[in-house]
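# A look at the structure
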Amino acid sequence: MNLLSNDFEIFDVPAQFALDRASLDERWKNLQREAHPDRFTTADAQAQRQAMQWSVRINEAYQRLKDPLKRAAYLCELNGAPIQAENNTSMPAAFLMQQMQWREDLDEASSAEDLERMADDVAQTRRGMLLGLQRTADEERNFLELARQVRALMFVERFARDVENRLDQLGQ
């Protein structure tokens, strides 16, 4: 294992979508304990620099692996199917229609109850999409389809943040 190892190799976990979060967290703590720069305060400058690089690399990998959306996008990248969200926004018509309806509903929402209902609906959709990501990544191993699903989930998560922002505005 070196700084160029992929995140899954660094954490010694299978390169798949489904991960045990508790095991990942425990492995992160152990890796940080081993590489933490404070353990190298009496070492030479090169050892201190390497410890800092490892600490940063471990944290970057952990942030990517613990987040389902980032983990799925990373799997796509590793398997030759980059997300390219900035220049590939094509989505199925039914998904786009749902997004348009949600946007209209958000614009028309006038109460916290309306927004809470929307937040619940979006959360349920997100849970279903995460199950789809797992199936596509781990069972079908179809990374082009996974990339499309990741782009769709990015839309859903952005909308969920918009709903939360509106709820926050109502609470002020």
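A brief structural summary. If you're wondering where the values come from, they're calculated on a predicted model, not measured in any experiment.

Turning to helix H5 (residues 93-108), a few remarks are in order. With 16 residues, H5 ought to run about 22 Å at 1.5 Å a step, and its terminal C-alpha atoms sit 23 Å apart, in line with that. Buried residues of H5: Phe95, Gln99, Trp102 and Leu106, and no others. In an axial view of H5, the angular spread of the buried residues amounts to 65°, which keeps them on one side of the axis. Facing away from the buried side of H5 by over 90 degrees, the exposed positions are Ala93, Ala94, Met97, Asp107 and Glu108. Of the surrounding elements, those touching the buried residues of H5 are helix H6 (112-140) and helix H7 (143-171).

This next bit is on helix H3 (residues 45-66). In this model H3 runs 31 Å from its N-terminal to its C-terminal C-alpha over 22 residues, within 8% of the 32 Å that 1.5 Å per residue would give. Buried within H3 are the following residues: Ala51, Ser55, Arg57, Ile58, Ala61, Tyr62 and Leu65. Buried residues in H3 make contact with helix H1 (7-11), helix H2 (21-35) and helix H4 (68-78).

For the rest of this paragraph, the subject is the environment of Phe159. Position of Phe159 among the secondary structure elements: in helix H7. Its relative accessible area of 0% is what places Phe159 among the buried residues. The spacing of Phe159 and Gln99 is 60 residues in sequence and 8.4 Å in space, taken between C-alpha atoms. In contact with Phe159, other than residues within four places in its own chain, are Gln99, Trp102, Arg103, Leu106, Met118 and Val122.

Reading guide: rules and limits
- Residues numbered from 1 in each chain as written.
- Predicted model: local features only at pLDDT ≥ 70, side-chain atom pairs only at ≥ 80, totals over all residues.
- Heavy atoms only, no water.
- Helix = DSSP H or I, 4+ residues; strand = E, 2+ residues; numbered from the N terminus.
- Expected span 1.5 Å × (residues − 1).
- Buried < 20%, exposed > 50% of the residue type's maximum accessible area, 1.4 Å probe, protein only.
- Arc of directions from axis to C-beta.
- Contact = heavy atoms within 4.5 Å.

Bear in mind that shape data such as this cannot, by itself, settle questions of function.
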